[in-house]
Amino acid sequence: MALGALLDAGMPIDELTQALGSLALGDAHVHADRVLRAGVSATKFTVHEHAHDDVRHDHDHDRHGGGSSHRHAHRHLSEIFVLIDRSSLSPPGRARAKAMFQRLAETEAAIHQMPVDQVHLHEVGALDSIIDIVGIVFAMEWAGADRIVSSPLNVGAGMVQSAHGVFPVPAPATVRLLGDVPVYSRGGQNELVTPTGALIV
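Residues numbered from 1 in each chain as written. Predicted model: local features only at pLDDT ≥ 70, side-chain atom pairs only at ≥ 80, totals over all residues. Heavy atoms only, no water.

Moving on, we get to the pairing of strand 1 (residues 28-37). Bridging between strand 1 and strand 2 (residues 40-49) involves ten bridges; their strand directions are antiparallel. Each residue of the ladder has a partner; that of Leu36, found in strand 2, is Ser41. (Pairing = 2+ DSSP bridges. Helix = DSSP H or I, 4+ residues; strand = E, 2+ residues; numbered from the N terminus.)

See below:
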């Protein structure tokens, strides 16, 4: 969703694809389409993994494992670092992306009481989520932004299915990653802030 908004704001899809390098071109195809949502024109950014030809990951609808029959890849932090190194991000951009995933792995390690190097990253370890985070890092470089500012976040409500079972919204990793970020809960029974979104903020 964030990448779709930034593409809509003017970031060229060709530059994003180039920055993703083999991360996007080797294992997945990315593209942007004009769509209407509630009668409003928007840009939808989509990742299609070649290894799962029957599955399309739509970034403006993807949830933290909720309602999908697709089983995301499970990756260790070291494997994700290899994927990031395959991207065409600048050296500072690669370092920033790695720092974000390091923070995520440390969060999961604390939740599950295990060493960081033994943590399997499930939904956020999937290729589409990695592209999300690497893409956001590039987008911030493209825009010349050094920080993200937002209004209080609506985390949603209800329950969410993850690789570890069913959890209340927001999920444990989301809560820990958000820390003291102002949040509220309003609306339907949906997960509105995922671990990926919390990591970006």
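A separate point is unusual backbone geometry. Put simply, Val169 and Pro170 share a cis peptide bond, and its omega is 0°. Looking at the element boundaries, Pro170 is found in the loop between strand 6 (165-168) and helix 7 (172-178). The residue Ala38 is not glycine, and still its phi comes out positive at about 55°. Among the structural elements, Ala38 can be located in the loop between strand 1 and strand 2. Taking the relative accessible area as the measure of exposure, Ala38 reaches 86% and is therefore exposed. Within the chain, Gln113 stands out as a residue other than glycine whose phi angle is a positive 55°. Note on placement: Gln113 falls in the loop between helix 5 (91-112) and helix 6 (127-143). Residue Gln113 is classed as exposed on the basis of its relative accessible area of 69%. (Buried < 20%, exposed > 50% of the residue type's maximum accessible area, 1.4 Å probe, protein only.)

Here strand 5 (residues 159-162) pairs with strand 6 via four bridges, running antiparallel. Bridged to Ser162 within strand 6 is Gly165. In textbook terms, the turn of a hairpin is the stretch between consecutive antiparallel strands, and for strand 5 and strand 6 this stretch comprises two residues.

Using the criterion set out here, one finds zero aromatic pairs in the structure. Cation over ring: Lys98 sits above Phe81, and NZ or CZ is 5.5 Å from the ring centre. (Phe/Tyr/Trp six-rings, centres within 6.5 Å; stacked < 30°, edge-to-face > 60°. Lys NZ or Arg CZ within 6 Å of the ring centre and 35° of its normal.)

The biggest cluster of nonpolar side chains holds 42 residues, and the ones touching the most others in it are Leu16, Leu23, Phe45, Phe101, Ile131 and Val134. The contacts of Val134, once residues within four sequence positions are left out, are Leu20, Leu23, Ile84, Ser87, Leu89 and Ala97. (Core = buried A, V, L, I, M, F, W, Y, C linked by side-chain atoms within 4.5 Å. Contact = heavy atoms within 4.5 Å.)

Turning to the pattern of salt bridges, a few remarks are in order. Taken as a whole and judged by the stated rule, the model has two salt bridges. Close ionic contact of Arg34 with Asp8 constitutes a salt bridge, the shortest N to O distance being 2.3 Å. Remark: Asp8 occurs in helix 1 (residues 2-8) and Arg34 occurs in strand 1; sequence separation between them is 26 residues. Arg34 gets classed as exposed once you look at its relative accessible area, which sits at 53%. (Salt bridge = Lys/Arg side-chain N within 4 Å of Asp/Glu carboxyl O.)

Helical periodicity: at 3.6 residues per turn, an α-helix aligns residues three or four positions apart in one direction. Of all the residues in helix 4 (residues 77-86), the buried ones are Leu77, Ile80, Leu83 and Ile84. Taken end-on, helix 4 shows its buried residues confined to a sector of 115°, consistent with a single buried face. (Arc of directions from axis to C-beta.)

Contact pair helix 4 / helix 5: the axes reach a minimum separation of 10 Å and the direction vectors enclose 160°. In terms of axis orientation, helix 4 runs roughly antiparallel to helix 5. In terms of crossing hand, the pair formed by helix 4 and helix 5 is right-handed. On helix 5, the residues that touch Leu77, Ile80, Phe81, Ile84 and Asp85 of helix 4 are Arg94, Ala97, Lys98, Phe101, Gln102 and Ala105. Of the residues in the contact of helix 4 with helix 5, the class split is seven nonpolar, one polar and three charged. (Axes fitted to C-alpha atoms, helices over the stretch in contact; angles between N-to-C directions. Parallel < 35°, antiparallel > 145°, perpendicular 65-115°, else oblique. Left-handed = near helix turned anticlockwise from the far one by under 90°. Nonpolar A, V, L, I, M, F, W, Y, C, P; charged D, E, K, R; others polar.)

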